[in-house]
Amino acid sequence: MAGVRIIRRECMISAWIALVVLSQYFSVVQCVGLPDGETIDLSVMLPKDPLPSVKSETPWLPEGRHYPYHLQMVMPAMRIAVEKVQETLITNHTIVLHVDDTHCWTNTAQLAAADIFIKHRVMAFFGPVCEYAVSPVGRFAAHWNVPQLTAGGQAQGYFQPPFDVTLTNVMPPHLKLGNFVGQIFLRYEWTRGIFLYHDGDNNIRDTVFMTGPVYTTVRQDFRLNVTHKDFNEYLPGLDYAEILEKVNSFVGAFHDAVLLYAMALNETLEDPEGDPRDGASVTKRMWNRTFTGA
């Protein structure tokens, strides 16, 4: 049976090589079909735990800050999913996961994406999750016509071009959360509310990306009297971060992302006219599916 290998890389290429090679060459390469035995290279782009508290000279995160979608937590679930896929759906190929630590940092993520695509011509990107890091990788993926699956990318901008062709979200967008919150207000006849959020994580700001659409939806679409205010969740006596991290849906989401991609890829391989490197086509096969996940 085909095996699973995990490859770790630390080096990156310079930006000018990426721009020249990727825009001039890889955007026009086409491949139809996938010969038996050919390796399926996949990219996994997530931060390692813990994130650095200092990035260069810029304050980054309070020391000890943890995020729920780090590599150490997600990779075991992805390995389990790959083993399932190798035993059932993709039996004639070896799946190789190329792992990158993005640091939740835009520059690191985009250079890592360019590096891995040039070296291994990966067939899909899993991640990043941090909203700012998703953007450049998503633009590259759309340009290269490579599927991107992530539990992030939940902000409003990721549901319009160029992301709407090759990006698949395995977690609901924040706009849906806004509708859910609005329905709760109506159900209990609440007329006023306040949104509290922590906005102290420089260059990440995932809480702002979540709070914004929810606040806007509740205020504009449901016309409710709400306001907002940020607060410091690191003040003594507050255990909100610890409480929230006890419920972690990101791990299961990435496990299911592997299964979802494998089902779409398997259908593509069985289609005589299917091209496994046509990201837009493979991505469409992933949408509007119902299956049993983690």
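In what follows, the structure referred to is the one given above.
Residues numbered from 1 in each chain as written. Predicted model: local features only at pLDDT ≥ 70, side-chain atom pairs only at ≥ 80, totals over all residues. Heavy atoms only, no water.

When its secondary structure is counted, the chain shows 9 helices and 10 strands. Scored against the burial criterion, the 294 residues of the chain give a buried share of 46%. Accessible surface for the chain amounts to roughly 14800 Å². Of this, 54% is attributable to carbon and sulfur atoms. (Helix = DSSP H or I, 4+ residues; strand = E, 2+ residues; numbered from the N terminus. Buried < 20%, exposed > 50% of the residue type's maximum accessible area, 1.4 Å probe, protein only. Areas by Shrake-Rupley, 256 points an atom, 1.4 Å probe, with all protein chains shown as cover.)

What follows is about a nonpolar patch on the surface. Among the surface-exposed residues, Leu177, Phe180 and Met210 lie close enough to one another that they form a single nonpolar patch of about 270 Å² accessible area. Mapped onto the elements of the fold, Leu177 is located in helix H5 (residues 174–187). By relative accessible area, Leu177 is classed as partly exposed at 31%. (Patch = residues over 30% accessible without salt bridge, like charges linked within 9 Å, V, L, I, M, F, W, Y side chains within 5 Å. Salt bridge = Lys/Arg side-chain N within 4 Å of Asp/Glu carboxyl O.)

Looking now at the packing of aromatic side chains. A complete count under the given rule lists 9 aromatic pairs for this structure. Relative to Trp144, the ring of Phe140 has its centre 5.0 Å away and its plane inclined at 20°; by these criteria the two rings are stacked. Taken together, the positions of Phe140 and Trp144, both in helix H4 (residues 131–144) and 4 residues apart, correspond to about one turn of that helix. One residue, Arg187, lies across the ring of Tyr188, its end atom 5.3 Å from the ring centre. (Phe/Tyr/Trp six-rings, centres within 6.5 Å; stacked < 30°, edge-to-face > 60°. Lys NZ or Arg CZ within 6 Å of the ring centre and 35° of its normal.)

Running from N to C, helix H3 (residues 106–120) and H4 cross one another at 30°; their axes reach a closest spacing of 7 Å. One way to sum up the angle between H3 and H4 is to call them roughly parallel. As H3 packs across H4, the resulting crossing turns out to be right-handed. Along its contact with H3, which presents Thr106, Ala109, Gln110, Ala113, Ala114 and Phe117, the element H4 presents Tyr132, Ala133, Pro136, Val137, Phe140 and Trp144. Of the residues in the contact of H3 with H4, the class split is 10 nonpolar, 2 polar and no charged. (Axes fitted to C-alpha atoms, helices over the stretch in contact; angles between N-to-C directions. Parallel < 35°, antiparallel > 145°, perpendicular 65-115°, else oblique. Left-handed = near helix turned anticlockwise from the far one by under 90°. Contact = heavy atoms within 4.5 Å. Nonpolar A, V, L, I, M, F, W, Y, C, P; charged D, E, K, R; others polar.)

Between H5 and helix H6 (residues 206–221), the shortest axis-to-axis distance is 8 Å and the interhelical angle comes to 45°. Our classification of the angle between H5 and H6 gives oblique. Between H5 and H6 lies a crossing whose hand is right-handed. Contacts between H5 and H6 involve His174, Leu175, Leu177, Gly178, Asn179, Val181 and Gly182 on the former and, on the latter, Phe209, Met210, Pro213, Val214, Thr217 and Val218. Looking at the contact of H5 with H6 residue by residue, the classes come out as 8 nonpolar, 5 polar and no charged.

Where a protein is soluble and globular, its nonpolar side chains tend to be buried together. In terms of nonpolar packing, the biggest core is built from 53 residues, with Leu42, Phe125, Phe126 and Tyr261 touching the most fellow members. Breaking this core down by element, the ones donating at least two residues are strand S2 (40–46), helix H2 (71–88), strand S5 (95–101), H3, strand S6 (124–126), H4, helix H8 (250–270) and helix H9 (279–286). Among the elements that take part in this core, H8 stands out by supplying 11 residues, more than any other. Here Tyr261 is in contact with Leu42, Met123, Ala124, Phe126, Pro147, Leu149, Val282 and Met286, once residues within four sequence places are set aside. Within the second largest apolar cluster, 9 residues are counted, among which are Phe195, Val218, Phe222 and Leu224. (Core = buried A, V, L, I, M, F, W, Y, C linked by side-chain atoms within 4.5 Å.)

What follows is about H9. Those residues of H9 that sit buried are Gly279, Ala280, Val282, Thr283 and Met286. Buried residues of H9, seen end-on, are gathered within an arc of 165° and therefore sit on one face of the element. (Arc of directions from axis to C-beta.)

You can see Gln86 is positioned in helix H2. Only 2.6 Å separates the side chain of Gln86 from the backbone oxygen of His93, close enough to count as a polar contact. Only 3.1 Å separates the side chain of Gln86 from the backbone nitrogen of Ile95, close enough to count as a polar contact. (Polar contact = N/O pair within 3.5 Å; in protein donor to acceptor, adjacent residues only side chain to side chain.)

The terminal C-alpha atoms of H4, which comprises 14 residues, lie 20 Å apart, in line with the 20 Å expected from a rise of 1.5 Å per residue. Among all positions of H4, only Glu131, Ala133, Val134, Ser135, Pro136, Val137, Gly138, Ala141 and Trp144 are buried. Directly after H4, the chain includes Asn145, whose backbone phi takes a positive value near 60°. (Expected span 1.5 Å × (residues − 1).)

Here the focus is the pattern of salt bridges. If you walk through the whole model with that rule in mind, you get 5 salt bridges. Two residues, Asp115 and Lys119, come together in a salt bridge whose shortest N-O distance is 3.9 Å. Linking Asp115 with Lys119, this pair stays in helix H3, spanning 4 residues, or about one helical turn. With a closest N to O distance of 3.0 Å, Arg289 and Glu267 form a salt bridge. Here Arg289 is found in the segment after H9, whereas its partner Glu267 is found in helix H8, with 22 residues between them in sequence. If you follow the salt bridges from partner to partner, you end up with Glu267, Asp271, Arg285 and Arg289 in one network.

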